[in-house]
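Each chain, written out:
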Amino acid sequence: MKNIILKSIYSGILISFINCSAQTDVIQKIKKEGSKPFTYAELSVKHGGKWEGNKYVGGTFKNITELSIPAEHTDHSSYIRYEGIGLENNQVCYRLYLDWRNATDIFGKKVTTLVLPEVGQDGFESYHHDAPWGQDILKSGRTIGVGSYGRYDEQNDFVETFKIVKNTDVKVTNEADKSFATINYKGWKTWGDAVDLQSKLTIFNKDRFVKVDLELSNTISGLCTGIVAIKDIPFKQVVSKNGKWAYIATYGQQTLARKEDNLGMAVIYPIDNFDKYVKTKSTHVVVFKKNKNVSYYFLGAWSQEPNGIKTEADFYKDLDSKLELLDKDGKL
């Protein structure tokens, strides 16, 4: 029995080491190649500290590739670096909170090189402020941010997130031309019966968009995505020429950076799975039909991005070209 226990402990240490080593190799390769097109998915948690209630005290961050979210973990637990998974390419970074909020946030980039491995190393506050690399630019508040997912509660007119989940497992994967995070939510309960949900968020070594693939164990009503609704920011909804795809989008001064900043956000979705559009107090919501499988895209375009989109006209021109490509090929 003692040998079995020791073997199990050793195996756990070995897996952790392999995970750290794999991430280190990816980081070094990307940094060596500078501004060459890349993608990167990151998951980083603290080791060497301890849990005190819902706070993780002490320890240092280490990159890993897989994690079962501890029962103690919630928002501001100081356990996961920048509180979730990160997805990055030359143009943009996104993070998805791995707690009950389940919101997608945007880290605007002012450089074309890799930045995520350094973000949040000194705590929560620094990445909310302007830095040479960029900063957190989206205030998602108590919404799903841009392009995340939840369940629309028609009776109470709000989007329910992931307050009741039996357990959550996450894995990040880096490949040659794309990177993705796979998240398995077991026993997600909103109202009625609990369901299992698997999400896959993929970023590519081109453009700003992320592809989201959702798979449910059972069909439910109200599965949705959307965009945080910022006061006084205009909203658009456009359907493609062949009527198979559409987007919702906003553009304007809606960042946490300087006042004159502009940010465009969009969700692009297939009409076949579309049920309705709803505007709640805080969110532009795309509600899907009952289905076990749904795929869509989301993106953010920041005016301070190097060689990026600087005007509202150019932002919507870019979105319209994406609809044309989806009409032609069925994918971006």
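Here the structure is a predicted model, which is why all the values come from computation and not from measurement.

Criteria and thresholds
- Throughout, residues of each chain are indexed from 1 in the direction in which the sequence is written.
- For a predicted model such as this one, the threshold for reporting local features is a pLDDT of at least 70, and the threshold for listing and counting side-chain atom pairs is 80 or more; totals across whole chains, interfaces and linings nevertheless cover every residue.
- Calculation of side-chain values draws on the structure's entire complement of heavy atoms; hydrogens and water are dropped beforehand.
- Numbering of helices and strands runs from the N terminus, with a helix taken as a DSSP run of H or I at least four residues long and a strand as a DSSP run of E at least two residues long.
- For a helix, the expected span equals 1.5 Å multiplied by the number of residues minus one.
- The classification of residues rests on relative accessible area computed with a 1.4 Å probe and restricted to protein chains. Under 20% of the type maximum is buried, over 50% is exposed, and intermediate values are partly exposed.
- To obtain the arc, one takes the directions from the helix axis to the C-beta atoms.
- It only takes one pair of heavy atoms within 4.5 Å for two residues to be counted as in contact.
- Counted as a polar contact is a pair of N or O atoms within 3.5 Å, where, for protein atoms, one must be capable of donating a hydrogen and the other of accepting one, and residues adjacent in sequence contribute only when both atoms are in side chains.
- DSSP calls a pair of strands paired once it identifies at least 2 bridges connecting them.
- To define axes, lines are fitted to C-alpha atoms, for helices over the stretch in contact only, and angles between the resulting N-to-C directions are given on a 0 to 180 degree scale.

Some remarks on helix H2 (residues 312-329)
Its 18 residues give H2 an end-to-end C-alpha distance of 26 Å, which sits within 8% of 26 Å, the value for a rise of 1.5 Å per residue. Along H2, the positions that sit buried rather than exposed are Phe315, Tyr316, Asp318, Leu319, Lys322, Leu323 and Leu326. All buried residues of H2 project into a common sector of 150 degrees when viewed along the axis, lining one side. Exposed residues on H2 whose side chains face more than 90 degrees from its buried face are Ala313, Lys317 and Lys328. On its buried face, H2 is in contact with strand S18 (235-239), strand S19 (245-252), strand S20 (263-270) and strand S23 (293-302). Just past H2, the residue Gly330 takes up positive phi, approximately 80 degrees.

A closer look at the side chain of Thr225
Relative to the elements of secondary structure, Thr225 occurs in strand S17 (residues 223-228). For Thr225, the side chain forms a polar contact with the main-chain oxygen of Gly147, separated by 3.3 Å. Within polar-contact distance, the side chain of Thr225 engages the side chain of Tyr296 at 3.4 Å.

A closer look at the sheet that holds S19
Read across the open sheet, the nine strands follow the order S6-S13-S14-S15-S16-S23-S20-S19-S18; overall the sheet is antiparallel. Two strands bound the open sheet, and with one partner strand each, they are strand S6 (66-68) and S18. Each neighbouring strand pair of the sheet contributes to a mean axis angle of 15 degrees, computed without reference to strand direction. Here H2 sits on the sheet in contact with S18, S19, S20 and S23, set at roughly 165 degrees to S19.

Considering the pairing of S20
Counted residue by residue, S20 has eight buried out of eight residues, so it is predominantly covered. Residues Leu263, Met265, Val267 and Tyr269 point to one face of S20 and Gly264, Ala266, Ile268 and Pro270 to the other, with burial holding for every one of them. For S19 and S20, the ladder comprises eight bridges, and the chain directions are antiparallel. Paired with Ile248 across the bridge in S20 is Val267. Looking at chain direction, S20 and S23 are connected through six bridges and run antiparallel. Its bridge partner lying in S23, Leu263 is registered against Trp302.

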